[in-house]
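These are the residues of each chain, in order.
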Amino acid sequence: MPQLKQIRDPEQKHVISKRITRGKPINDRKPMSVEDTADHKSVGTRRQGRRRGKGKPLVFDDSTVEISSDKRLMFHRRPGFGQLGTKCVVKANHFLADLADMELTQYSVLMVPEVNSTKLNKTIMTQLVKVHRNTDLGMKLPVYDGRRALYTAGRLPFIAKQFTVTIEDDIEWIGITKQREFTVNIEFVAHASMSQLRELLSGKQVDTPSEALKLVDLVLKELTAQRYISVGRFFYSPNITNPKSIGCGLQSWRGFYQSIKPTQMGLSLNIDTLATTFIEPLPVVEFVEQILGKQVCTKQISDADRIKIKKALRGVKVEVTHRGNVRRKYRISGVTSQPTRELMFPVDEERNMKSVVDYFREVYGFTIQHPHLPCLQVGNQKKVNYMPMEACKIVEGQRRTKGLNNKQITSLLKFSCQRPKEQEKEILQTMQQNCYKDDPYAKEFGITIDETPTSIDARVLPAPWLKYHDSGKQKEVLPQMGQWNMKDKKVINGSVINYWACINFSRTVTDSAAQSFCHQLVQMCQESGMDIKSDSVVPVYSARPDHVKKVLKQVCTATVNKLGGKELELLIAILPDNNGSLYGDLKRICETDLGLISQCCLTKYVLKISKQYLSNVSLKINVKMGGRNTVLLDALRWKVPLVSDIPTIIFGADVTHPESGEDSNPSIAAVVASQDWPEVTKYAGLVSAQPHRQELIQDLYKTWQDPQRGKVNGGMIRELLLSFEKATGKKPLRIIFYRDGVSDGQFYQVLLYELDAIRKACASLEPNYQPPVTFIVVQKRHHTRLFPSNHNDRKSTDKSGNILPGTVVDTKICHPVEFDFYLCSHAGIQGTSRPAHYHVLWDENNFTADEIQSLTNNLCYTYARCTRSVSVVPPAYYAHLAAYRARFYMEPEVQHDNGSAHSVCMVKGAGVRPLPALKEKVKNVMFYC
């Protein structure tokens, strides 16, 4: 693949970016591993290009090895620090970690027989250390990654040694605990130098030393993992706060996140508190009653109920309760299709049969009380064991990984939602409970943690002036505390709607109530500045949800017949509050079959109409129909730096993945792009299905062979560039690309693959067409929290007690050399606000810190669906909405007897069936809003 090179000469910034062919193709490069990062005080000058750094390889002899990463491409260096805004002080949940300068050594570990379980590997190593620490290990306390690497502070008394370890191992499938013997070979690899980590922390641009960071992480989580139930970097316990039931056999536990990060102030320990769901340790019969929502002890189980039970229990670990103190553990593989009273199994080689009921009575003296219930199946396919539900209890500490229903999500949010003052207090309590100063592993490796949260000099960026239509009483507005309203204002560009209709799918909404609602909604649209006809084309249609396709076509046909060929432009749909697949079916049919814009309204809002609701819906309708709600005043005055000077297109991109447990459904990629300049307010969107859990967006640029036309160029970037040119009459001369949903370890792959796709898409339009690109990753799923320095100072907090909207941080807790910043662009509503983390990976447009931070903050005030600034830059937000919408375009799931569900769009081998194409009328407007 061509090597990527940034433009250095400011005079070149609107011409082609040169590409030099060097090194390996993209698919041959190893992905880099970049820990979750933040910024630094020692920075380079503005307009500085990239340079390369190489990590030294691991040396397998008695020498020194540099613990480093495989990274070969440096990200954009910070051009300087931001100065704009009102200065303030905030606190962060980052705690300074100091690393003593001591000799660290790496050893390889080989276990025979080979073990694939990290948990079992660690159990074996723990037993080895317990037995041999005072003798063969020379009093050393090592840390082990659960796979092939063991680390010590100093050297062990041997170069290589073999140990025999005996442990008691639970064989979950058959419920037996037996002694197992393992041979463990430990062999010296190299001395581990941390100098590259120290260079990074001192401000030198080097490869991120991911192995060194991994070692520090290992040391700090070793004791924590023994005290808590660990899930990666998350740690949970029922003893932190009493678990709370959230329904259907689930409960929420509190826990915390822990990770080490390289920052400008040095190594930083990031601690955050949170909650997640665990399966409640109930008797299985009680659990089944909770998931079915009914008593089962006296009633037969239907086939539908049995499938539901099987789906909920598969993979869950249970322990028996019918054998006194013997509490054998099993993992459930399924549920029998027959009731317990009908189950027989062979008891000897002659295949003499015995019933499960008789077996438990004769062998254990246990009388099965509910023989009408199915049995649990435990074991593998070759040997299936039957266990009565009433003889089993769910083992405590099993995290729920499948999706939650709306009621459970609400309960979990209530349990986990904390005001900033309470969350900061809980984080400090977690630090005290973990007591890192007494951690034997931290002491062994010379790591000390400061228990004081980091204070940071931050800045509050000013809110931008917004422009509304001159016909309104208020033509311009300056938002206060991240919000404003539509009183005395009219949208700057009202859409024109001549033909609209309403379909009522709700039994509880009468025709007259539906007509009244539509009348008030249309009136609000008119007051907001839209040109919409007062009367619908046809009377309100009432229909059953299962007739959605039929009634949609009826209404469209009736409109065409009445108007002599003219088509319906807008559909208002009234849906039941609990509407199952109706919403998704309606959106799929309207947007991929009929080419019709729709606005869905729930029954509860139709029956209890509020002006605020009508106002918000009218804003959505306006942008869906091609209008604009508001525009940055500076954009109209051509004053937005590096946007107003030349035609600029702003992209947003995201990939959403199926929920855990859905192992066949495709991932959905979405790309949106601004279609107006200089306003940059309207965003057209495209969506595409791609292989399961694939993060790189496959359809940014693609080519294929056509029998008649030969090689054909296509892809989402190319199509959106063409639509920009069609809408504005100009080719974009600058590209700003906000990419959502990328974790730190994927930065390298995503940048190389997607930047190359952007360049190929540009070149396919014109050979020398290569506008300069700025590529910014947007992250919300991080664990940095910013708190007011004084929770009682009303001037430094919003109404929710959070930091002020517009607060930006690019020092101290940010990356030592790379160009990133945290921005809290929104006002808090409830809980603790999470700032967005922006990481500028590539910048050929030479943004200063102030320019990119101000642009990003200002764009957050242009979100179309409400009169508030939002927490994530709108193009990234819109891409997320579009990707979520496209999930409905996959045809309805097919339920199988084994409890699994597959969509018709599922992955088949390496390929994915394409999503149905969006209709032309739909894809050029903000249909996803």
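Predicted model, so just to flag it, every value in this text is computed and none were measured.

(A) The overall build of the chain, seen in detail. For the chain, the count of helices and strands is 20 helices and 48 strands. Sequence-distant contacts in the chain: of pairs separated by 6 or more residues, those separated by 24 or more amount to 73%. A total accessible area of about 39900 Å² is found for the chain, and carbon and sulfur atoms account for 48% of it.

(B) Examining unusual backbone geometry more closely. Put simply, Val-112 and Pro-113 share a cis peptide bond, and its omega is 0 degrees. By the element assignment, Pro-113 lies in the loop between strand E6 (104-112) and helix H1 (118-132). Omega for the bond connecting Trp-677 with Pro-678 falls within 30 degrees of zero, at 15 degrees, which places this linkage in the cis form. Here Pro-678 lies in the loop between strand E35 (667-674) and strand E36 (683-690). Even without glycine at this site, Met-139 takes up a positive phi of about 70 degrees. The exposure class assigned to Met-139 is partly exposed, which follows from its relative accessible area of 46%. Even without being a glycine, Lys-812 presents a positive backbone phi close to 65 degrees. Mapped onto the elements of the fold, Lys-812 is located in the loop between strand E42 (807-809) and strand E43 (819-824).

(C) Just the pattern of salt bridges, in detail. According to the stated counting rule, one finds 35 salt bridges in the structure shown. We note a salt bridge from Lys-91 to Glu-424, for which the minimum N-O separation is 2.9 Å. Within this pair, whereas Lys-91 is found in strand E4 (residues 86-92), its partner Glu-424 is found in helix H8 (residues 420-434), the two being separated by 333 residues in sequence. Just as Lys-91 is buried, Glu-424 falls in that class too. One salt bridge in this structure joins Glu-362 and Lys-354, with 2.7 Å as the shortest N-O distance. On the basis of relative accessible area, Lys-354 is assigned to the partly exposed category, the value being 23%.

(D) Layout of the confidence of the model for the chain. Of all residues in the chain, 89% have pLDDT values of 70 or greater, and the mean over the chain is 89. Counting contacts from residues 1-71, a segment whose pLDDT is below 50, to residues more than four positions away or on other chains yields 242 contacts. Note on residues 894-904: pLDDT is under 50 here. Beyond four places in sequence and across chains, it has 27 contacts.

(E) Looking closely at the sheet that holds strand E26 (residues 476-477). Spatially, three strands are ordered E26-E25-E33 in an open sheet, and the strand pairing comes out antiparallel. With partners counted over all chains shown, the strands left at the sheet margins are E26 and strand E33 (631-632), one partner each. Of the pairings in the sheet, the one linking strand E25 (residues 466-467) to E26 comprises two bridges and is antiparallel in character. Paired with Lys-467 across the strands is Glu-476, a residue of E26.

(F) Here's a closer look at the pairing of E36. Of all the eight residues making up E36, eight are buried; the element is thus mostly covered by neighbouring parts of the structure. Along E36, one buried face is formed by Tyr-683, Gly-685, Val-687 and Ala-689 and the opposite face, lined by Ala-684, Leu-686, Ser-688 and Gln-690, is buried too.

(G) Looking closely at the sheet that holds strand E32 (residues 597-602). Taken together, four strands build an open sheet; the order of strands is E30-E28-E31-E32 and the sheet is parallel. Each edge of the sheet is formed by a strand with only one pairing partner; in this case those strands are strand E30 (541-542) and E32. Relative to strand E31 (residues 570-575), strand E28 (residues 500-504) runs parallel, the two being bridged by five bridges. For Ala-501, the partnering residue across the bridge sits in E31 and is Leu-571. Contacting E31 and E32, helix H12 (residues 582-594) crosses the sheet at an angle of about 165 degrees to E32.

(H) How the structure looks around the packing of helix H16 (residues 716-728) against helix H17 (residues 747-765). Where H16 contacts H17, the two axes come as close as 8 Å, and the packing angle between them is 50 degrees. Taken together, the axes of H16 and H17 lie oblique to each other. Considering the relative orientation of H16 and H17, their crossing is right-handed. Judged by residue contacts, Ile-717, Arg-718, Leu-721 and Leu-722 of H16 engage Ile-758, Ala-761, Cys-762, Ser-764 and Leu-765 from H17. In terms of residue class, the contact of H16 with H17 is made up of seven nonpolar, one polar and one charged.

The rules we used
Residues numbered from 1 in each chain as written. Predicted model: local features only at pLDDT ≥ 70, side-chain atom pairs only at ≥ 80, totals over all residues. Heavy atoms only, no water. Helix = DSSP H or I, 4+ residues; strand = E, 2+ residues; numbered from the N terminus. Contact = heavy atoms within 4.5 Å. Areas by Shrake-Rupley, 256 points an atom, 1.4 Å probe, with all protein chains shown as cover. Buried < 20%, exposed > 50% of the residue type's maximum accessible area, 1.4 Å probe, protein only. Salt bridge = Lys/Arg side-chain N within 4 Å of Asp/Glu carboxyl O. pLDDT = per-residue confidence, 0-100. Pairing = 2+ DSSP bridges. Axes fitted to C-alpha atoms, helices over the stretch in contact; angles between N-to-C directions. Parallel < 35°, antiparallel > 145°, perpendicular 65-115°, else oblique. Left-handed = near helix turned anticlockwise from the far one by under 90°. Nonpolar A, V, L, I, M, F, W, Y, C, P; charged D, E, K, R; others polar.

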